[in-house]
Amino acid sequence: MTANTAASESQVRSTVHGYPRIGLQRELKWACESYWKGSTTAEELDAVATELRKGIQTQLHEAGVDDLPSNTFSYYDHVLDTAVLFDLIPARFASPASAENREEELRRYFALARGEQGTPPLEMTKWFDTNYHYLVPELSPSVRPRLVGDKPVAEFREALEAGQRTRPVLVGPLTFLLLAKPAEDAPEGWQPIELLDQLVDAYGRLLKDLRAAGATEVQLDEPILATDEGREHQDELERAYRNLGGLSDRPSLLVSTYFGSIGSGALRVLKESPVEAVGLDLVTDKEGIDDLTKISGLGNTRLVAGVVDGRNVWRTDIPAALAELGTLRGLTDELSVSTSCSLLHVPLDLDAETSLTPELRNALAFAKQKAQEVALLGKVLSEGKAAEYTEGRATATPAFTNPDVRARLEALNKQTLARTQERETPSDIQLPTTTIGSFPQTTELRRARAAHRRGELPEEEYNTILRAEIDRVIALQEDIGLDVLVHGEPERNDMVQYFAEQLEGYATTENGWVQSYGSRCVRPPILFGDVSRPKAMTVDWITYAQSRTKKPVKGMLTGPVTMLAWSFVRTDQPLGETAAQVGLALRDEVADLERAGIRHIQVDEAALRELLPLRQEKRQEYLDWAVNSFRLATSGVDVTTAIHTHMCYSEFGVVVGGIEALDADVTSVEAARSRMELVRDLGARGYKRGIGPGVYDIHSPRIPSVEEIETSLRLAVDNVDPGNLWVNPDCGLKTRGYAEVEQALRNMVEAARRVRADL
Ligand code: GLN
Ligand code: ZN
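Cut-offs used in this document
- Residues numbered from 1 in each chain as written.
- Chains lettered and ligands numbered in written order.
- Predicted model: local features only at pLDDT ≥ 70, side-chain atom pairs only at ≥ 80, totals over all residues.
- Heavy atoms only, no water.
- Helix = DSSP H or I, 4+ residues; strand = E, 2+ residues; numbered from the N terminus.
- Buried < 20%, exposed > 50% of the residue type's maximum accessible area, 1.4 Å probe, protein only.
- Contact = heavy atoms within 4.5 Å.
- Core = buried A, V, L, I, M, F, W, Y, C linked by side-chain atoms within 4.5 Å.
- Pairing = 2+ DSSP bridges.
- Axes fitted to C-alpha atoms, helices over the stretch in contact; angles between N-to-C directions.
- Near = heavy atom within 4 Å.
- Polar contact = N/O pair within 3.5 Å; in protein donor to acceptor, adjacent residues only side chain to side chain.
- Areas by Shrake-Rupley, 256 points an atom, 1.4 Å probe, with all protein chains shown as cover.
- Nonpolar A, V, L, I, M, F, W, Y, C, P; charged D, E, K, R; others polar.
- Salt bridge = Lys/Arg side-chain N within 4 Å of Asp/Glu carboxyl O.
- pLDDT = per-residue confidence, 0-100.
- Donors = N, O, S within 2.8 Å, 3.2 Å for Na, K, Ca; no water.
- Tetrahedral: all angles 85-135°; square planar, octahedral: opposite > 155°, others 65-115°.

> Let's hear about the environment of Leu206: which residues, and what values?
Along the chain, Leu206 turns up in helix 7 (residues 196–213). Classification of Leu206 by relative accessible area gives buried; the value is 0%. Considering only alpha carbons, one finds Leu206 and Ser438, 232 residues apart in sequence, at a separation of 48 Å. Ignoring sequence-local partners within four residues, the contact set of Leu206 consists of Leu85, Phe86, Leu147, Pro152, Val153 and Leu170.

> Describe the nonpolar core, naming the residues involved and giving the relevant values.
As a rule of thumb, nonpolar side chains are buried together in soluble globular proteins. Among the nonpolar cores identified, the biggest contains 108 residues, and Phe176, Val307 and Leu328 are the most heavily contacted of them. Among the elements that make up this core, the one with the highest residue count is helix 7 (9 residues). Ala448, Leu476, Phe499 and Ile709 belong to the second-largest nonpolar core, a separate cluster that totals 96 residues.

> Got a sec to walk through the sheet that holds strand 6 (residues 167–171)? Specific residues and values, please.
Strand order across the open sheet formed by 8 strands is 1-12-11-10-9-8-6-2, with parallel pairing between neighbours. Unpaired on one side and paired on the other, strand 1 (13–14) and strand 2 (69–70) mark the two borders of the sheet. Here 5 bridges tie strand 11 (residues 302–308) to strand 12 (residues 335–339), and the two strands are oriented parallel to one another. Within strand 12, the residue paired with Ala305 across the bridge is Val337. In the packing of helix 7 onto the sheet, the strands contacted are strand 6, strand 8 (217–221) and strand 9 (252–256), and the crossing angle to strand 6 comes to about 170°.

> Help me get a handle on the site of ligand 1, residues and values and all.
In the neighbourhood of ligand 1, 13 residues make up the surrounding shell, with Ser438, Glu489, Asp604, His646 and Cys648 lying closest. Between an oxygen atom of ligand 1 and a side-chain N or O atom of Lys734, the distance comes to 3.3 Å. Taking 290 Å² as the accessible area of ligand 1 by itself, protein coverage stands at 94%. Taken together, the residues of the shell around ligand 1 sort by class into 6 nonpolar, 4 polar and 3 charged.

> Outline the pattern of salt bridges, supporting the account with residue identities and numerical values.
One pass over the structure, following the stated rule, counts 55 salt bridges. For the salt bridge of Arg53 with Glu158, the shortest nitrogen-to-oxygen distance reads 2.7 Å. Here Arg53 is found in helix 2 (residues 42–63), whereas its partner Glu158 is found in helix 5 (residues 151–161), with 105 residues between them in sequence. Taken together, the shared-partner salt bridges in this structure form one network comprising Glu707, Glu710, Arg714, Glu750, Arg753, Arg754 and Asp758.

> Describe the sheet that holds strand 18 (residues 568–569), naming the residues involved and giving the relevant values.
Here we have 3 strands laid out as an open sheet, ordered 13-16-18, and mixed in their pairing. Two strands bound the open sheet, and with one partner strand each, they are strand 13 (504–507) and strand 18. Where strand 16 (residues 526–532) lies against strand 18, 2 bridges are found, and the strand directions are parallel. The residue bridging Leu527 from the neighbouring strand is Val569, located in strand 18. This element, helix 21 (residues 575–595), spans strand 16 and strand 18 of the sheet and lies at about 55° to strand 16.

> So what's going on with the confidence of the model for the protein chain? Residues and values would help.
Mean pLDDT for the protein chain: 93, with 96% of residues reaching 70 or above. Taken as a whole, residues 1–7 scores under 50 in pLDDT and shows 7 contacts with residues more than four places along the chain or in a different chain.

> Please give an account of the coordination of the zinc ion (ligand 2) that cites residues and values.
The protein atoms that coordinate the zinc ion (ligand 2) are His646 (NE2), Cys648 (SG) and Cys731 (SG), at distances spanning 2.0 to 2.2 Å. Here the zinc ion (ligand 2) binds 4 donor atoms, and the angle range of 80 to 124° at the metal identifies the geometry as irregular. Site description for the zinc ion (ligand 2): donor spacing in sequence, H-x1-C-x82-C.

Right, here's the structure in full:
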């Protein structure tokens, strides 16, 4: 190590905020699932977890990272872990007979996550604007936060015994409480944040225990500070960290924030608080340096600078990062370099990919490679060698451009992308019945797809199986009496990946698994370059389905926003431009479907709500490009073609203007669980287009009765013009079984008949 010459030349230590925990081969998934099935014991499950944690420590150490985190592991979810740790558990979950009983303890833990006979689980929702889902704690004034577990201490000790003095990572108290919801028995108006002081006391106990075990620093994650809600709680922030900081016998505190700017206000609160270090996400937060300058830097509060993107798969531009870190050095007495957030959101190891082109591979970094990057940055700065990293060494995203795509977009952008207002009504039938697109993906289908992918099932045989499935789905829908049919999507593994595999500019990975929730992982495709469509993607399947029936069959596409939301997207151009390219490719597909005689075309925007920026002030700009890309895809059609869209969530208040602007003829949405709230909203706004509020919840295996569906429908009829109303389930049916689906749809069609008769 070189000698420290001046303050600004002092050592820059490297760290990461967290690391993937599922394992390269999804070991944790398999271990949990076999434990749930009862095929393995708690002991066997714990053994897999221990190995995984060891592997993580080894990888980070070998990557050269100076300061390793711990307690980033979880069997299911870190917010759930926190609730269990502090005994913040709804009364419907019986506590384990004895804390010593590991089987009992695990049984309750997984019951909280997954439910148990007669006991519904905690609600699950998205972790900020990521695709990771956490379990929402249910709190009430009757709970008393107290430290009852020792997971962070145990995992710290485990690492220490293996030779690593790690930094335990905890969900911060403010974030925990603001993400929680009031339990049903909580009095009207009561909010979980009222538990702050008690919870902070419990955190204090934990900090002492960690100190006693030998921890010198603890990380408290407060990503809530990047949201409007977090920004409104600066007093609570100040109080929480004044209290924690005031404890004697505690480790140093690092308060980490990520997913956006926390603003100079919160920054100043943290600077003036007794916490020793602050972590900032300088990738998402473009105003970070300005805010730091505004408060004249952090002084003797250490800055943990998140300059390596923890949420995307691109390699860091090392010279640019070094330059930025150089500036940051002037804004704090002590600097560390880190990832922008936990690496939980990226795949584990690029080395496990064998089929990416060398050019693309060169532009990528997964978790392990990102750990190497922070280590490199720390080392180069500590050794004063930044100057050696000149331009050209960097591998910024290479330009995978396609001049044709750019020229076409340029030309189209000059036209107005609106459809004429006078369109033919999408259906002559009143209260037309339809579904959202997919039908059950049976075991046989999944097997055939897997065999086909492995090269064990020839193309023609596979296609025969798929056509047979379409025949069955069409016959079933005719028999049930649905009005607008679908082909059932048997050929699709996933609504994004299916298209990504066919579009230029997208790559897919073999092992790029990312945890979505619990044991569920996804493999998001990588959108690396200009997007174009070499040939039609869905026309053969839809026209085949249409050839089997006289009723109209609805074409089924995934919209631009959703294609981006569930992928890793290039960062060298604004998201809106990338979305427009996807919109353009879809525009051609829509035109081909129309030419083939398809009169109903659905463009799913399941994720429109999901990409909505965390901060209010950024939302309009987002909705503008989102709407534009959808219109690019859909505005080319004739007045006789009906454009449908579908969205998957119940809180629409925030995007209702966007829905109107999409200008689809028919919009189907989730509504069953929110008791048709949306329909009332739309009714009140005088919405003019077709609307299909989901009349039953497909997320549950329960079969809704005719009467139940009828009640929902009548509620809808009372609120919007029945001439605009469509009848459909909440979402696609792919996760359900045929037995339930058939009966549920029969009941739905019967309910529509009854309501129709009274119109
Ligand atoms: N068309 C898709 C399906 O039915 C839509 C899925 C979704 O909204 N997530 O499966
Ligand atoms: Zn849906």
